[in-house]
Amino acid sequence: MLIRFLQKINILSLDVTFGAMVSAYFFFKVFNVKTSAVSLILLGTTVWLIYTIDHLLDVKKLKKKASTERHQFHQDNFKILVKITISILLVNLSLLFFLPQELIFSGSALALVVLIYLLFNKYLRSFKEIVVAIFYTWGVSLPVLSQLKDPINSHQQLLLIHFSITALMNLILFSIMERKSDLKDNTFSFAVIKGEAQTKFFFLLLVIIAVGIFLSQLRLNQNFAYEIILLSMNIVLGVLFVFRNQSLIKRYYRLIGDGVFLLPLASVLSF
């Protein structure tokens with residue numbers, strides 16, 4: 001019963017939404033910047049909108065029943081989800097009046113770029129996961145970065161890069177796991193375009209880069225506690241990759257894979 005409830009939460013991208021809010025708060029802790037509840041709520045609803053609109057665009061192109069449960073849900077509830085999406089978009093617009101001017105300006109720039117991506121994503125088929133990982137990192141760090149008066153240092157830059165690599169690992173893993181269903185639905189992903197072998201190699205390369213950043217930060221004794229959290233996220237994704245052919249992993253990989261973005265809660269609760 002609990003697992004089914006969590007799967008529904010995952011299908012609706014609500015865990016991703018909460019994960020984005022947790023990740024944003026993680027960066028507030030990293031950069032020691034105060035925030036408001038409004039900015040976190042707006043971030044969460046915006047992430048939900050991006051994911052939901054992306055899924056709705058996917059199923060709108062389908063001429064048959066979708067192969068995955070996620071897309072089937074969006075296909076079966078298309079009209080109601082469109083209405084909810086429009087309603088939340090209107091709520092987001094009203095929340096803008098409660099944000100600092102710097103965040104409104106930076107957020108508008110990000111929103112414009114995301115809108116362009118949604119309109120022209122068919123031309124970025126080979127780079128979809130890379131672009132989404134960059135947008136995700138940009139989005140969850142934006143409430144913090146927009147308030148900083150001084151440029152971030154090299155160690156903080158590495159932390160941001162490590163986080164974006166973690167987000168990309170998540171997306172690349174999903175593209176591997178969903179390659180067969182994407183082929184059936186004629187949906188493009190990194191694994192569909194590059195092939196399974198190259199995608200696996202790319203995932204392992206990301207693991208090496210992530211570990212390299214961790215060791216570099218560890219050697220310089222920088223952001224150690226935060227890097228431990230990111231490394232823990234990498235380890236979970238790595239375990240999913242190694243055991244991806246196990247029936248239990250095949251069934252719950254999305255639930256676990258998206259759940260790793262709740263691990264930064266440790267930074268909220270511990271330090």
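Preceding this paragraph is the structure being described.
Since the structure is predicted, the reported quantities are computational estimates derived from the model, not experimental observations. (Residues numbered from 1 in each chain as written. Predicted model: local features only at pLDDT ≥ 70, side-chain atom pairs only at ≥ 80, totals over all residues. Heavy atoms only, no water.)

**Focus on the side chain of N92**
Assignment of secondary structure puts N92 in helix α5 (residues 78-95). A polar contact of 3.1 Å, which involves the side chain of N92, links it to the side chain of T46. Those residues in contact with N92 that sit more than four places away from it in its chain are L42, T45, T46 and L49. (Helix = DSSP H or I, 4+ residues; strand = E, 2+ residues; numbered from the N terminus. Polar contact = N/O pair within 3.5 Å; in protein donor to acceptor, adjacent residues only side chain to side chain. Contact = heavy atoms within 4.5 Å.)

**Overview of the nonpolar core**
Taken as a class, soluble globular proteins show a tendency for nonpolar side chains to be buried jointly. Membership of the largest hydrophobic core comes to 46 residues, with the highest contact counts inside it found for F27, Y136, V140 and I172. Listing elements by their share of this core, those giving two or more residues are α2 (14-31), α3 (37-60), α7 (128-145), α8 (154-177), α11 (196-219), α12 (224-242) and α13 (247-259). Considering each element in turn, this core owes the most residues, twelve residues, to α8. Judged by nonpolar contacts, the second largest core, of eleven residues, contains V114, V131, F135 and L142. (Core = buried A, V, L, I, M, F, W, Y, C linked by side-chain atoms within 4.5 Å. Buried < 20%, exposed > 50% of the residue type's maximum accessible area, 1.4 Å probe, protein only.)

**A word on the environment of F224**
Position of F224 among the secondary structure elements: in helix α12. Leave out the neighbours within four places in its chain, and F224 touches F214 and L218.

**A word on the environment of K194**
Along the polypeptide, K194 turns up in helix α10 (residues 190-194). Judged by its relative accessible area of 34%, K194 falls in the partly exposed class. A C-alpha to C-alpha distance of 26 Å links K194 and L115, two positions 79 residues apart in sequence.

**Overview of the packing of α7 against α8**
At their nearest, the axes of α7 and α8 sit 8 Å apart, and the two run at 140° to each other. The element α7 and its partner α8 pack so that their crossing is right-handed. Residues E129, I130, V132, A133, Y136, T137, V140, S141 and L145 of α7 touch α8, and the partners they reach there are L160, F163, S164, A167, L168, L171, I172 and S175. By residue class, the composition of the contact of α7 with α8 is twelve nonpolar, four polar and one charged. (Axes fitted to C-alpha atoms, helices over the stretch in contact; angles between N-to-C directions. Left-handed = near helix turned anticlockwise from the far one by under 90°. Nonpolar A, V, L, I, M, F, W, Y, C, P; charged D, E, K, R; others polar.)

Bear in mind that shape data such as this cannot, by itself, settle questions of function.
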